[in-house]
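Here is how the chains run, residue by residue.
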Amino acid sequence: MSGRAVRWITFGAIAFGSLFLVVGLILTGVSVSFLSGAKHARGTVVALEWREDHSGSRRNRAHDGPVAYPVVAFTSADGERRTFRSSFGSNPPSYEKGEHVEVLYDADSPDDARVKGFASLWLLPLVFGGIGLVFAGVGTTVALVTRRRSR
(Lines give C-alpha, C1' and ligand atoms only; values in the text may rest on other atoms or scores of the structure.)
Protein backbone atom coordinates (compact mmCIF):
# COMPACT_ATOMS: atom_id res chain seq x y z
CA MET A 1 0.00 0.00 0.00
CA SER A 2 1.37 3.40 -0.92
CA GLY A 3 2.21 6.06 1.63
CA ARG A 4 -0.53 8.29 0.23
CA ALA A 5 -3.19 5.59 0.75
CA VAL A 6 -2.01 5.02 4.33
CA ARG A 7 -2.27 8.76 5.00
CA TRP A 8 -5.84 8.90 3.67
CA ILE A 9 -6.92 5.83 5.62
CA THR A 10 -5.26 7.23 8.74
CA PHE A 11 -6.94 10.59 8.24
CA GLY A 12 -10.29 8.84 7.73
CA ALA A 13 -9.89 6.80 10.91
CA ILE A 14 -8.97 9.89 12.94
CA ALA A 15 -11.86 11.92 11.45
CA PHE A 16 -14.37 9.08 11.98
CA GLY A 17 -13.14 8.53 15.53
CA SER A 18 -13.24 12.23 16.32
CA LEU A 19 -16.81 12.50 15.05
CA PHE A 20 -17.89 9.57 17.20
CA LEU A 21 -16.06 11.05 20.20
CA VAL A 22 -17.91 14.34 19.74
CA VAL A 23 -21.26 12.54 19.49
CA GLY A 24 -20.37 10.53 22.62
CA LEU A 25 -19.51 13.72 24.50
CA ILE A 26 -22.76 15.38 23.39
CA LEU A 27 -24.78 12.35 24.53
CA THR A 28 -22.90 12.38 27.84
CA GLY A 29 -23.80 16.06 28.25
CA VAL A 30 -27.45 15.29 27.53
CA SER A 31 -27.47 12.56 30.20
CA VAL A 32 -25.67 14.74 32.75
CA SER A 33 -28.04 17.64 32.05
CA PHE A 34 -31.05 15.35 32.41
CA LEU A 35 -29.72 13.93 35.69
CA SER A 36 -28.96 17.34 37.16
CA GLY A 37 -32.61 18.38 37.11
CA ALA A 38 -34.35 15.03 37.24
CA LYS A 39 -36.96 14.22 39.83
CA HIS A 40 -37.16 10.73 41.29
CA ALA A 41 -40.30 8.63 41.55
CA ARG A 42 -41.12 5.02 42.19
CA GLY A 43 -42.56 3.30 39.16
CA THR A 44 -44.03 -0.05 38.31
CA VAL A 45 -43.62 -2.02 35.11
CA VAL A 46 -47.23 -2.36 33.99
CA ALA A 47 -46.56 -4.17 30.71
CA LEU A 48 -43.89 -5.41 28.35
CA GLU A 49 -44.33 -4.15 24.82
CA TRP A 50 -42.90 -6.77 22.46
CA ARG A 51 -41.70 -5.42 19.15
CA GLU A 52 -39.73 -6.90 16.28
CA ASP A 53 -36.21 -5.49 16.15
CA HIS A 54 -35.58 -4.16 12.65
CA SER A 55 -32.33 -2.29 13.27
CA GLY A 56 -29.55 -2.60 10.73
CA SER A 57 -27.82 -5.94 10.25
CA ARG A 58 -29.62 -7.57 13.16
CA ARG A 59 -32.56 -8.09 10.81
CA ASN A 60 -30.67 -10.81 8.96
CA ARG A 61 -29.82 -12.98 11.96
CA ALA A 62 -32.10 -15.98 12.29
CA HIS A 63 -32.02 -16.20 16.10
CA ASP A 64 -33.29 -12.67 16.66
CA GLY A 65 -36.80 -12.44 17.99
CA PRO A 66 -39.00 -9.74 19.37
CA VAL A 67 -37.60 -7.32 21.93
CA ALA A 68 -39.42 -6.39 25.16
CA TYR A 69 -39.70 -2.69 26.04
CA PRO A 70 -40.96 -2.05 29.57
CA VAL A 71 -44.02 0.17 29.92
CA VAL A 72 -43.72 1.97 33.25
CA ALA A 73 -46.34 3.85 35.29
CA PHE A 74 -45.43 6.38 37.97
CA THR A 75 -46.95 9.30 39.80
CA SER A 76 -45.21 12.64 39.24
CA ALA A 77 -44.82 15.34 41.89
CA ASP A 78 -48.01 17.05 40.64
CA GLY A 79 -49.95 13.92 41.63
CA GLU A 80 -50.72 12.85 38.07
CA ARG A 81 -50.27 9.22 37.08
CA ARG A 82 -48.10 8.95 33.99
CA THR A 83 -47.05 6.08 31.76
CA PHE A 84 -44.12 5.79 29.35
CA ARG A 85 -42.42 3.14 27.25
CA SER A 86 -38.69 2.83 27.83
CA SER A 87 -36.55 3.48 24.77
CA PHE A 88 -34.36 0.47 25.62
CA GLY A 89 -35.62 -3.03 25.08
CA SER A 90 -34.02 -6.43 25.42
CA ASN A 91 -34.58 -10.11 24.89
CA PRO A 92 -34.72 -11.68 27.40
CA PRO A 93 -36.57 -8.83 29.13
CA SER A 94 -34.63 -6.79 31.69
CA TYR A 95 -37.78 -6.28 33.77
CA GLU A 96 -40.86 -8.27 34.67
CA LYS A 97 -44.45 -7.06 34.76
CA GLY A 98 -45.20 -5.81 38.28
CA GLU A 99 -41.53 -5.08 39.08
CA HIS A 100 -40.83 -1.81 40.90
CA VAL A 101 -38.26 0.48 39.30
CA GLU A 102 -36.86 3.92 40.02
CA VAL A 103 -37.98 6.52 37.50
CA LEU A 104 -36.20 9.74 36.64
CA TYR A 105 -38.25 12.45 34.95
CA ASP A 106 -37.99 16.09 33.96
CA ALA A 107 -40.05 18.16 36.42
CA ASP A 108 -40.90 20.71 33.71
CA SER A 109 -41.89 17.98 31.27
CA PRO A 110 -42.89 14.85 33.24
CA ASP A 111 -43.53 12.92 30.03
CA ASP A 112 -39.74 12.93 29.52
CA ALA A 113 -39.06 9.98 31.81
CA ARG A 114 -36.55 7.15 31.94
CA VAL A 115 -35.99 4.08 34.04
CA LYS A 116 -32.97 4.76 36.23
CA GLY A 117 -30.44 2.32 34.89
CA PHE A 118 -27.14 2.07 33.11
CA ALA A 119 -28.56 1.39 29.64
CA SER A 120 -31.04 4.26 29.56
CA LEU A 121 -28.49 6.81 30.79
CA TRP A 122 -25.03 5.72 29.68
CA LEU A 123 -25.14 3.03 27.00
CA LEU A 124 -25.20 5.32 23.95
CA PRO A 125 -22.55 7.75 25.26
CA LEU A 126 -20.32 4.79 26.11
CA VAL A 127 -20.79 3.07 22.73
CA PHE A 128 -20.16 6.23 20.69
CA GLY A 129 -17.29 7.37 22.90
CA GLY A 130 -15.70 3.91 22.92
CA ILE A 131 -15.88 3.51 19.16
CA GLY A 132 -14.51 7.04 18.78
CA LEU A 133 -11.59 6.34 21.10
CA VAL A 134 -10.68 3.14 19.29
CA PHE A 135 -10.75 4.65 15.79
CA ALA A 136 -9.07 7.94 16.77
CA GLY A 137 -6.49 6.06 18.85
CA VAL A 138 -5.64 3.57 16.12
CA GLY A 139 -5.52 6.32 13.49
CA THR A 140 -3.28 8.49 15.64
CA THR A 141 -0.98 5.57 16.45
CA VAL A 142 -0.64 4.64 12.78
CA ALA A 143 0.03 8.29 11.88
CA LEU A 144 2.75 8.58 14.52
CA VAL A 145 4.39 5.28 13.55
CA THR A 146 4.42 6.07 9.82
CA ARG A 147 5.73 9.54 10.50
CA ARG A 148 8.64 8.15 12.55
CA ARG A 149 9.43 5.59 9.85
CA SER A 150 9.50 8.24 7.12
CA ARG A 151 12.13 10.32 8.94
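For every chain, the first residue of its written sequence is number 1, and the numbers climb from 1 along that sequence. For this predicted model, a pLDDT threshold of at least 70 governs which residues receive local features, and a threshold of 80 or more governs which side-chain atom pairs are given and counted, while totals over whole chains, interfaces and linings are taken from all residues. Only hydrogens and water are set aside when side-chain values are computed; all heavy atoms of the structure are taken into account.

> Go over helix H1 (residues 3-37) with me, naming the residues and quoting the values.
Helix and strand assignments follow DSSP, with helices taken as H or I runs no shorter than four residues and strands as E runs no shorter than two, numbered in order from the N terminus. Each helix should span, by expectation, one fewer than its residue count multiplied by 1.5 Å. Compared with an ideal rise of 1.5 Å per residue, which puts 35 residues at 51 Å, H1 spans 51 Å between its outermost C-alpha atoms and is within 8% of the ideal. Any two residues whose heavy atoms approach within 4.5 Å are treated as being in contact. Buried-residue contacts for H1 involve strand S1 (38-52), strand S4 (100-106), strand S5 (109-115) and helix H2 (118-150).

> Hey, could you go over the pattern of salt bridges for me, with residue numbers and the actual values?
We define a salt bridge as a contact between a side-chain nitrogen of Lys or Arg and a carboxyl oxygen of Asp or Glu at a distance within 4 Å. With the rule as written, the count across this model stands at six salt bridges. Note that Glu49 and Arg85 form a salt bridge whose closest N and O atoms lie 3.3 Å from each other. With Glu49 in strand S1 and Arg85 in strand S3 (residues 81-85), this pair connects stretches of sequence that are 36 residues apart. Close ionic contact of Asp111 with Arg82 constitutes a salt bridge, the shortest N to O distance being 3.3 Å. Of the two residues, Asp111 is situated in strand S5 and Arg82 in strand S3; the sequence distance between them amounts to 29 residues. The rule is simple: take the accessible area with a 1.4 Å probe, protein chains only, and divide by the maximum for that residue type; under 20% is buried, over 50% is exposed, in between is partly exposed. According to the relative accessible area criterion, Arg82 is buried, its value standing at 12%.

> Please give an account of the environment of Gly129 that cites residues and values.
Following the sequence through the fold, Gly129 ends up in helix H2. On the basis of relative accessible area, Gly129 is assigned to the buried category, the value being 14%. Distance from Gly129 to Gly37, taken between C-alpha atoms, is 24 Å for residues 92 residues apart in sequence.

> I'd like a description of unusual backbone geometry, backed by residues and values.
The omega angle of the peptide bond from Asn91 to Pro92 is 10 degrees, so this bond is cis rather than trans. Of note, Pro92 is situated in the loop between S3 and S4.

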